[in-house]
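# Residue-level structure breakdown
Residues per chain, in single letters:
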Amino acid sequence: MQVVVCKDPEEGARIVTEKILSALEDRPELVLGLATGSTPIGVYQHLIEAHKNDGVDFSAVRTFNLDEYCGLSGDHPQSYRAFMREHLFTGLNIPAENIHFPPSEGPELGEKCRQHEEEILQAGGIDIQLLGIGSNGHIGFNEPTSSLASRTRIKTLTEKTLRDNSRFYEDPSEQPQVASTLGIGTILDAKCILLQAYGEKKAEAVKASVEGPISSFWPGSALQMHADVTFILDEASAARLEMIDYFRKSRAEGLRLQEDNTI
Ligand code: PGA
């Protein structure tokens, strides 16, 4: 596990963007696992700039979003399909057929979720999974006590998650109570995971995920079992880490070794 403490979210967004663009250079048909929420927006803006200003081509990229609310159509402004169109897809040249969301509408969602797992496998698996984290430690909509081996499925949202997102709904009765989400097991199958967390509200979840025992009560802690995961933090979200000095030193040493061409 790597923990990078940045001076601000902008530095974090640049680090994540560089990793994606460098992977895309090596592999034009990159498979990206994408997240919604306020956290990844900076990265999405930089990717759009790279496409518009530097001609970076996304036409062979495949994407799989982490989650989607059940009961909202793709046209609903609070659906994650609408969010992704607004913040990323309209600014890039990813063909519509390469864009995937976990199934959230219509009958037989259980079977459709199983097919969704198949589609990820057929794409060759997720190369880079972007994650945010909820203040309760959820990754995707894998709420506390989600099985650490879970696959794509429907989850009921916790009161804390509903409260965190209630500002988006004028009429509280419109707020969806359930969502489809890639499972924790699905996320752990990604080849590389980049989790961004910014702000003091995330400090407890970051502390539990990075330094706590692995527990379904803090779903982010499952990432400790992944061989290539990086937590990209700012000072506020990293503030409760006991090992913060070690993480700073390790980043500085890593940069030095890279400059020397040692690694
Ligand atoms: P946020 O949400 O990026 O809006 O903070 C993250 C999450 O709840 O997973």
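First, a word on scope: everything that follows refers to the structure included in this document. (Residues numbered from 1 in each chain as written. Predicted model: local features only at pLDDT ≥ 70, side-chain atom pairs only at ≥ 80, totals over all residues. Heavy atoms only, no water.)

### Some thoughts on the overall build of the protein chain
Convention followed: A run of H or I in DSSP becomes a helix once it reaches four residues, and a run of E becomes a strand once it reaches two; helices and strands are each numbered from the N terminus. All radius of gyration figures rest on C-alpha atoms, and the globule criterion is 2.2 Å times the number of residues raised to 0.38. Any two residues whose heavy atoms approach within 4.5 Å at even a single point are treated as in contact. Reported accessibility uses the Shrake-Rupley method at a 1.4 Å probe radius. Residues are deemed covered only where the shown protein chains occlude them. Positive charges come from Lys and Arg alone, negative charges from Asp and Glu alone, with His and the N- and C-terminal ends not counted. Just so you know, the charge point we use is NZ for Lys, CZ for Arg, CG for Asp and CD for Glu.
For the protein chain, the helix and strand inventory stands at 9 helices and 10 strands. Relative to a compact globule of 263 residues, whose C-alpha radius of gyration would be 18 Å, the protein chain shows 18 Å and is just as compact. Taken along its principal axes, the extent of the C-alpha atoms in the protein chain is 55 × 40 × 35 Å. Pairs at least 24 residues apart make up 78% of the contacts formed inside the protein chain by residues separated by at least 6 positions. In the structure as shown, the protein chain presents an accessible area of about 12,300 Å², 51% of it carried by carbon and sulfur atoms. When the 25 positive and 40 negative side-chain charges of the protein chain are each reduced to one mean point, those points stand 4 Å apart.

### What to know about the packing of helix α2 (residues 41-54) against helix α3 (residues 80-87)
Note the threshold: To obtain an axis, a line is fitted to C-alpha atoms, over the contacting stretch when the element is a helix, and the angle between two such axes runs from 0 to 180 degrees between their N-to-C directions. Between 65 and 115 degrees an angle is taken as roughly perpendicular, under 35 as roughly parallel, over 145 as roughly antiparallel, and anywhere else as oblique. Think of it as three bins: nonpolar holds Ala, Val, Leu, Ile, Met, Phe, Trp, Tyr, Cys and Pro, charged holds Asp, Glu, Lys and Arg, and polar takes everything else, Gly as well.
α3 packs onto α2 with a crossing angle of 45° between their chain directions and a minimal axis gap of 10 Å. The angle between α2 and α3 places the two elements in the oblique class. Facing Ile 41, Tyr 44 and Ile 48 of α2, the residues of α3 in contact are Phe 83, Met 84 and His 87. Residue classes in the contact of α2 with α3 are distributed as 5 nonpolar, 1 polar and no charged.

### A short note on the nonpolar core
Basically, it comes down to this: Here, the term nonpolar core denotes a set of buried Ala, Val, Leu, Ile, Met, Phe, Trp, Tyr and Cys residues that are joined through side-chain atoms within 4.5 Å. Categorising residues by exposure relies on relative accessible area from a 1.4 Å probe, with only protein chains included: less than 20% of the type maximum marks a residue as buried, more than 50% marks it as exposed, and the intermediate range marks it as partly exposed.
Among the nonpolar cores identified, the biggest contains 39 residues, and Ile 20, Tyr 44, Leu 88 and Leu 130 are the most heavily contacted of them. Contributing elements (two or more residues each) for this core: β1 (2-6), α1 (9-26), β2 (31-34), α2, α3, β6 (128-131) and β9 (192-197). Among the elements that make up this core, the one with the highest residue count is α1 (6 residues). Among residues more than four places away in sequence, those in contact with Tyr 44 are Leu 34, Ala 35, Phe 83, Met 84, His 87, Leu 88 and Leu 130.

### With respect to the site of the ligand
As a reminder of what qualifies: One heavy atom suffices: a residue is near a molecule or strand as soon as one of its heavy atoms comes within 4 Å of it. Within 3.5 Å is the distance limit for a polar contact, defined as a pair of N or O atoms, with the added protein rule that one can donate a hydrogen and the other accept it, and that residues adjacent in sequence qualify only through two side-chain atoms.
As a matter of local geometry, the ligand sits amid Gly 37, Ser 38, Thr 39, Ile 133, Gly 134, His 138 and Lys 202. In this structure, an oxygen atom belonging to the ligand sits 3.0 Å away from a main-chain N or O atom of Ser 38. A breakdown of the residues in the shell around the ligand according to their chemical character gives 1 nonpolar, 5 polar and 1 charged.

### Focus on the side chain of Arg 81
Along the polypeptide, Arg 81 turns up in helix α3. A relative accessible area of 17% means that Arg 81 is categorised as buried. When near neighbours in sequence (up to four residues on either side) are disregarded, Arg 81 contacts Glu 68, Leu 72, Ser 73, Gly 74, Phe 101, Ser 104 and Glu 105.

### Some words on the pattern of salt bridges
Any two side chains of opposite charge can pair, so long as their charged atoms come close to each other. As a reminder of what qualifies: Put simply, a salt bridge is a Lys or Arg side-chain nitrogen that is within 4 Å of an Asp or Glu carboxyl oxygen.
One pass over the full model with this rule turns up 16 salt bridges. The partner of Arg 256 in a salt bridge is Glu 253, and the shortest N-O contact between them spans 2.8 Å. A residue pair is termed a helical-turn pair when its members lie 3 or 4 positions apart in one helix, as Arg 256 and Glu 253 do in helix α9 (residues 244-259) at 3 residues. Arg 256 sits in the partly exposed class, given a relative accessible area of 41%. Here the residues in one salt-bridge network are Arg 27, Glu 29, Asp 127 and Lys 191, joined through shared partners.

### Digging into the sheet that holds strand β4 (residues 67-69)
Test applied: By this definition, two strands are paired if DSSP reports at least two bridges between them.
Ordered by their spatial adjacency, 3 strands build an open sheet running β4-β8-β7, and the pairing between neighbours is antiparallel. If you trace the sheet from one side to the other, it starts and ends with β4 and β7 (153-156), each paired once. The mean angle between the axes of side-by-side strands here comes to 30°, regardless of whether they run parallel or antiparallel. Taken together, the 4 bridges between β7 and strand β8 (residues 178-181) define a ladder with antiparallel strand orientation. Within the sheet, the bridge partner assigned to Thr 156 lies in β8 and is Val 178.

### Some words on unusual backbone geometry
The phi torsion at Thr 145 lies on the positive side, around 80°, for a residue other than glycine. Within the secondary structure layout, Thr 145 lies in the loop between β6 and β7. Positive phi is not limited to glycine here, since Asn 261 has a value of about 65°. Here Asn 261 lies in the segment after α9. When its relative accessible area of 66% is taken as the criterion, Asn 261 is described as exposed.

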